[in-house]
Each structure stands twice: as C-alpha cells, then as structure tokens.
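A look at the structure
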Amino acid sequence: MPIRQLSETMINQIAAGEVIERPASVVKELVENALDAGASRVEIVTAGGGLNLIRVTDDGSGIPERELALAIARHCTSKLTEDINDIRSLGFRGEALPSIGSVSRLSIRSRTAASDSAAEIGIEGGRVLPVRPAATNRGTTVEVRDLFFATPARLKFMKGERAESSATSDVVKRIAIAFPAVRFTLAGSDRSMLELPAADDSAAGSLRRVAQVMGADFPDNSIALDATRDGVHLTGHVSIPSFTRANALQQYAYVNGRPVRDKLIAGAIRGAYADVLPRDRHAVTVMFLTLDPAIVDVNVHPAKADVRFRDPGLVRGLIVGAIRQALADAGVRAATTGAAGMMAAFRPGAASYGHGGPANGHRSYDAAYRASGPSGFDAARSPQRPLDMGFQGAGFDQRGLRDDEQAAFDAGASADARAGQDEAAETLLGAVLGAARAQVHENYIVAQTRDSLIIVDQHAAHERLVYEALKNALHSRPVPSQMLLLPEIIDLPEEDAERLALHSETLAHFGLGIERFGPGAVAVRETPSMLGETNVGQLVRDLADEIADNDTVDTLKERLDKIAATMACHGSVRSGRLLKAEEMNALLRQMEATPGSGTCNHGRPTYIELKLADIERLFGRR
C-alpha cells in the first residue's frame, strides 16, 4: 500500500481517540477552555450520560466572530507563546475542539464584551458549517450532541449511563477544587443537581470549596500543609491517620493549578503514611504544587493527565517530608467520625445484646464474650441493671468495683469531686488526653478532659509508643549487620548494578554491604542482623527496582520497620493487664509526646474522644 496523506477528518478522529476517551473527557476540555477564558461561572448540562448532550456555558471573555473558524482548526490556540516551556494555562494544544467536532455534532456560540451581537459555528462529523449570527449573553456556549456518532465502534466501549455520569461529576469536582472563586453547576436529566457556590481565593475560601466537594468531615479531620524547597511550594490539606478511605479516589493533586494523576505524587503520599496506615487504607489529600513551568513538563500526555518533573526526587522528598512534619506537629488527634460512630452505638435501640461472636478476633472482646455466656448477655454486666441488684458477693464491693486498686479511683464519686480532692488531677484535665479515671474490661482506659470523655485502647497505644522508640533507636545509628560466610553474587542488568553501587553507602547504613563484582553483578557481603535468614537475591532486586522508580532505598527501611513493628506488638502492654492510676496517666502523657500516636502500627485508632456536648445531646440536655 503506498504512503499517502490522511484527510483532515481522519487526522482529527485519530486525535480524538487520544484526547476524547469518554464524555467526561469532553467536559474536562470544555471546562478548562472556559476557565482559561477567565470565567467566574461555569454551567454544565448533560443527557444520556453525556453521549446524547453536553452543554457548557461560561461568562468568560468570549471568542470574536472572525476567530470562530480558527477555534475549530487544529493546532490553533490563543494560550501558547513561542516558548513551549512556559505553559501557564490549562489548555495549549489546540486539538480539543476539532477532535470533538470530528466525532460529534458540535456548535459554538459566543459573544465578547466589545461586541453587540453573537456568532455561531458548527461541525458535524468533521464537516464545518458556515458562521451565522446568534443571540447569547457575554461568554461562550459549547454544545456537543450525539458523541461518537461518527465513530460507532467507540460506543461499544462506553459504560452505562450512571457510570459515565459519575465520571463527569468526578472531573468537575476535581477541577472545581483548584478554582474556588468560580461557581460550578452540573445538571441534567441523567443526574441530580450539583452546585458549588463561588468562594474566595483565600485559604479559608479554598477549604470551603474542598468541604463542598469532599464533605464537611474533611476540614475537621485534616492538617494544613505549607512547605517550600528549592523553588517548589507545597500547600493543601491531608487527613489525620485515623481518617481514611478504602481507595485513593479522594487524593487530589494539582501542579500549577492543573489536576493531575501522577504516580510519583501517589507514591510519595503512600510513603509518608507508611508507618500509620494499613495497606488497605488510603489517606484523603488535597495538595497544590506551585513551581516554575520550565521545570515541569505537562506536554507528555495527550489529555495532560500526567506530568514529568525535572527533579522528581526533590518533589517526592518535599511531599513526604511536609506530610510527616505536619503529622508530627499536629500531635494526637482522633477522627470526629469515631465519635459519631460511638454516639450512634450509644443511642437507644442502636445495638442488640445478641452477638454472633467476637468482633475482629480481639482477645479482650473474646474473653468478655465467653464470660457473658452463649446468649451474649449477662444481667449482672448490663448497664441498665437496677442499682440495688446486690453485687456484694462474687468479688464486688457495694460500688460495683472488682478490686482495691480500681476502687482507689473512687469511680462512684463525681469527676469534679475527685478533681477537688487531688490538685494534680485538675492540671491533668487540661492536657490533650486528660486525666485517667478508670480502666474497663482490663484493656480500655477511660480519661476525662475539661470538655470531653476519652477512651484509650491501652495495647494499641503502647504498641505505637514502643514502635516509635524502636524506630528512633534503629535509625539513629548504623544498623548492626551480620557477615555472610560466603558472599552472595547477584546477577543484574548493568544499569541496576550501577544504581545499587551509587547507593552503597546508604545501604551500608542499614546493614546491607554491597559492592560491584564485575560487569552486571554485585556481591553481597553483609545483611542486617534483624532480618535473620532472608532471600538476599530478592531483596537486592527489589531495591534495584525501587531505585529505578523513585531513586530511594525505602524497601530495606520498610522491612526493618516491619520487624520493629512486630517486636513492638509483642513487647507492649497486653490486653487484660490491670494498670494503676500512675501507669495510665504516664501512658497518656507518652501518647501526647509521641508523633503518630493517634493510630497503632496497623492503622487502627488508639483512642476515641466524645465531647461533653455530644454526651449531653445523648441525654437530651441539648
């Protein structure tokens, strides 16, 4: 077959295959055009999941009548200067409108502020219609009908109407977060109304927009970020470790205002939370990176979803360091959702006494379940029991306390009375986790602050404290290593062997002795003692892969930290151990001084806080 020049329509349809993946892609391109035109109001209407109709209306600067024909021509744009490295707008390729027009029925109606009338141009499957007069307000309305009618094969790959509508909503929300001063509305016969009122460009306005998109719980359970390194500025909010999601869909990242889904940023977030979240939970984040356009390449993906940084190690280090520092500075904080769940459990009728069995295999719960009998209910343990039920037998005193040490807390007296008896307790009430008042089920510490009740899981809390102490001891000095009787020779691609050799000093700090052994091989002479017998070849290959991806050696560090976590689990205060008042208060003070103590090594919360106002609402006092 001879080489020939493709037709303009065929070229545009090929471009549409790269840029226009689904209706949500069309909405993204059109909304970005509206924002580049300076719009303060963007209205989106869809039908049939966006396949039947997409209409985007804005109040931006509009398109002059003489430029409408250029607007639908390929590689025509008003957003790009002669310098491809200085991209400051969302769009710049000049491909979106002609690509959309080649696979749909497209019309553009626009009027500038200086014009008395509007004009309209259309394209149907790549065929350009003549410009004609129209009537509209200042701004632009772009209407797309019968998407993919010119390429029916693409319709076979579309998902259901609900899925396409959901994808469009996600695109609008993702863009809206970066532009809080713009009002967005998304409506149509195929969806419920989404309205995001305009806020201001201040930090408070930005957080209000984030709350509109991500829910009112996020601001109360997030920490602000503000860090700069070598010209790269990072701002935003990240969730506390006890506020997580089952997937990473609520991790929003922006580079110079552009929404991106970047593997480097996602990996940095996982690395920053590695110590405080389990593998099946994900942080909720909104992060804005601002840097010189010359040191980031946004022209690496047709849909501009990916970016490339000139110095990826700098960006990763900034994100990881800023998040870890913010978590450390925030101290101990419990998620408000935990209190909400606790209140729901306390409400009358919220829970039954019958249990199918112990929850989550927890040892203390298991013991309490077995003790309560097969029905899961014991009248002597019921919080609704009569006060004169008679507990003087079976090891209880008249106040219902099991032993002398627990009775020393004088749980029958009011908190205010006990505070008056002990001046030190009044000081402790002002602490973040307050003063210990009792221990229940031999595992949970009940503490009181001036305006809340706190319940602490003593095993989970102490596990985190021991883990942090082990980590500090582990990383403050070189890790002890064990010499191999015979060096293990690992064959690797030459580039992997070279990367490992460049990081040999760092690896030696963690107890792994590596040196080059001819072309395409390394010799391992020492391994960390903590690892014991390990698959050295697999460890070295994993490190080589990580260095190639992220230029870090965190794999080895994570393995050592995992061993420290196991040691902490076995070396911490066990469930079922009775603690004295001094021990409980000492545990609370250590938690306050330890970063990340709001969750255990496995990502579970170590304590729950219930505000006094919430307790009063439970009793109908508010």
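What you see is a predicted model, and the numbers here were worked out from it, not measured in a lab.

**Describing the pairing of strand E3 (residues 105–111)**
- Burial of E3 is extensive: five of the seven residues sit out of reach of the surface.
- Where E3 meets strand E4 (residues 118–124), six bridges bridge the pair, whose relative direction is antiparallel. The partner of Arg105 across the bridge, within E4, is Glu124.
- The turn joining E3 and E4, which pair antiparallel and follow one another in sequence, is formed by six residues.
- By the bridge criterion, seven bridges tie E3 to strand E7 (residues 139–145) in an arrangement that is antiparallel.

**A few points about the nonpolar core**
- Counting residues in hydrophobic clusters, the biggest one holds 92 residues, and the most contacted among them are Val42, Phe184, Ile265, Tyr273, Leu289 and Ile323.
- Counting residues per element, this core draws most heavily on helix H10 (residues 312–330), which supplies nine residues.
- Once residues lying within four places of it in the same chain are set aside, the contact partners of Tyr273 are Val238, Ser239, Ala283, Ile323 and Leu327.
- Within the second largest apolar cluster, 22 residues are counted, among which are Leu474, Ile514, Val522 and Val536.

**Description of the sheet that holds strand E22 (residues 481–491)**
- Judged by pairing direction, the sheet is antiparallel, and its three strands sit side by side in the order E22-E24-E23 without closing on themselves. Edge positions in the open sheet fall to E22 and strand E23 (513–516), since each of these has one partner strand only. The sheet shows a mean angle of 20 degrees between the axes of neighbouring strands, taken without regard to direction.
- Two elements, E23 and strand E24 (residues 521–528), share four bridges in a ladder whose sense is antiparallel. If you follow Ile514 over to E24, its bridge partner there is Val524.
- Helix-sheet contacts for helix H17 (residues 494–502) involve E23 and E24, and the interaxial angle to E23 is about 130 degrees.

**A closer look at the side chain of Ser104**
- Its place among the elements puts Ser104 in the loop between helix H4 (96–102) and E3.
- By relative accessible area, which is 0% here, Ser104 ends up buried.
- A polar side-chain atom of Ser104 sits 2.7 Å from the main-chain carbonyl oxygen of Ile100.
- Those residues in contact with Ser104, other than ones at most four positions away along the chain, are Ile123, Glu124, Gly125, Val144, Arg145, Asp146, Leu147 and Phe149.

**Examining the pattern of salt bridges**
- Under the counting rule described, the total for this entry stands at 24 salt bridges.
- Here Arg617 makes a salt bridge to Asp614, at a shortest N to O gap of 2.4 Å. In this pair, Arg617 and Asp614 are both assigned in helix H22 (residues 612–618), three residues apart and thus about one turn of the helix distant.
- Using a relative accessible area of 43% as the deciding quantity, one classes Arg617 as partly exposed.
- Judged by its relative accessible area of 13%, Asp614 is buried.
- Connected through shared salt-bridge partners, Lys28, Glu29 and Glu32 make up one network.

**Digging into helix H9 (residues 263–272)**
- The element H9 is largely enclosed, with a buried count of seven among its ten residues.
- The complete set of buried residues in H9 reads Leu264, Ile265, Gly267, Ala268, Ile269, Gly271 and Ala272.
- In this structure, the buried residues of H9 make contact with strand E13 (251–255), strand E14 (258–260), strand E15 (282–283), strand E16 (285–290), strand E18 (308–309) and H10.

**Details of the packing of aromatic side chains**
- Within the structure shown, the criterion is met by one aromatic pair.
- Plain terms: the ring middles of Tyr254 and Phe288 are 5.0 Å apart, the flat faces sit at 20 degrees to each other, and that makes the pair stacked. Here Tyr254 is found in strand E13, whereas its partner Phe288 is found in strand E16, with 34 residues between them in sequence. Just as Tyr254 is buried, Phe288 falls in that class too.
- Its end group placed over the ring of Phe149, Arg105 keeps NZ or CZ at 4.0 Å from the ring centre.

**Some words on unusual backbone geometry**
- Its identity as a non-glycine residue notwithstanding, Asp146 has a phi of 50 degrees, on the positive side.
- Considering the arrangement of structural elements, one finds Asp146 in the loop between E7 and helix H5 (152–155).
- Phi angles above zero are rare outside glycine, and Asp230 is one such case at about 50 degrees.
- Along the chain, Asp230 falls in the loop between strand E10 (222–229) and strand E11 (232–239).

**Regarding the packing of helix H2 (residues 23–36) against helix H6 (residues 161–178)**
- Look at H2 against H6: their axes get within 8 Å of each other, and the N-to-C directions meet at 25 degrees. By the angle between their axes, H2 is roughly parallel relative to H6. Here H2 and H6 pass one another in a crossing that is right-handed. Counted together, Pro23, Ala24, Val27, Lys28, Val31, Glu32 and Leu35 of H2 and Glu164, Ala167, Thr168, Val171, Val172 and Ile175 of H6 form the full contact between these two elements.

**Topic: the sheet that holds E10**
- Pairing is mixed across the open sheet formed by five strands, whose spatial order is E10-E11-E16-E13-E14. In the strand order of this sheet, the two ends are held by E10 and E14, each with one partner. Neighbour-to-neighbour, the strand axes of this sheet turn through a mean angle of 20 degrees, independent of strand direction.
- Across five bridges, E13 lies against E16 in parallel orientation. For Tyr252, the partnering residue across the bridge sits in E16 and is Val286.

**What to know about the side chain of Arg464**
- Here Arg464 is to be found in helix H16 (residues 458–475).
- Judged by relative accessible area, which is 0%, Arg464 ranks as buried.
- A polar contact of 2.6 Å, which involves the side chain of Arg464, links it to the side chain of Glu468.
- If sequence neighbours within four positions are ignored, Arg464 has contacts with Asp275, Val276, Gly596, Ser597, Thr599, Cys600 and Asn601.

**With respect to the confidence of the model for the protein**
- With 82% of its residues at a pLDDT of 70 or more, the protein has an overall mean of 81.
- Taken as a whole, residues 350–377 scores under 50 in pLDDT and shows 36 contacts with residues more than four places along the chain or in a different chain.

**A few points about the environment of Asp220**
- Among the structural elements, Asp220 can be located in helix H8 (residues 217–220).
- For Asp220, a relative accessible area of 48% translates into the label partly exposed.
- Note: C-alpha distance between Asp220 and Phe243 (23 residues apart in sequence) is 10.0 Å.

Cut-offs used in this document
- Each chain carries its own residue numbering, running from 1 in the written order of its sequence.
- In keeping with the predicted nature of the model, local features appear solely for residues at pLDDT of at least 70, side-chain atom pairs appear and are counted solely at 80 or more, and the whole-chain, interface and lining totals rest on all residues.
- Note that the side-chain values use all heavy atoms of the structure and ignore hydrogens as well as water.
- With a 1.4 Å probe rolled over the protein chains alone, any residue whose accessible area is under 20% of its type maximum counts as buried; one over 50% counts as exposed, and the rest are partly exposed.
- Segments assigned H or I by DSSP are reported as helices when at least four residues long, segments assigned E as strands when at least two residues long, and all are numbered from the N terminus.
- Paired strands, in this sense, are two strands between which DSSP finds at least two bridges.
- Here the nonpolar core consists of buried residues drawn from Ala, Val, Leu, Ile, Met, Phe, Trp, Tyr and Cys, with membership extended through side-chain atoms lying within 4.5 Å.
- A contact between two residues is defined here by any heavy atoms of the two lying within 4.5 Å.
- For helices, the fitted axis covers only the stretch in contact; all axes are lines through C-alpha atoms, and the angles between them, taken along N-to-C directions, range from 0 to 180 degrees.
- Residues adjacent in sequence count toward polar contacts only when both atoms are side-chain atoms; beyond that, a polar contact is any pair of N or O atoms within 3.5 Å, and within protein one must be able to donate a hydrogen and the other to accept it.
- Any Lys or Arg side-chain nitrogen located within 4 Å of an Asp or Glu carboxyl oxygen qualifies as a salt bridge.
- Stacked, edge-to-face and tilted are the three classes for Phe, Tyr and Trp ring pairs, Trp counted by its six-membered ring, which pair at centre distances within 6.5 Å; planes under 30 degrees apart are stacked, over 60 edge-to-face, the rest tilted.
- A positively charged side chain is recorded as over a ring if its NZ (Lys) or CZ (Arg) lies within 6 Å of the ring centre. The angle to the ring normal must also be within 35 degrees.
- For classification purposes, an angle smaller than 35 degrees is called roughly parallel, one larger than 145 roughly antiparallel, one from 65 to 115 roughly perpendicular, and anything else oblique.
- We call a crossing left-handed when the near helix sits turned anticlockwise from the far one by less than a right angle, and right-handed when that turn is clockwise.
- Each residue carries a pLDDT score, the predictor's confidence in it, ranging from 0 to 100.

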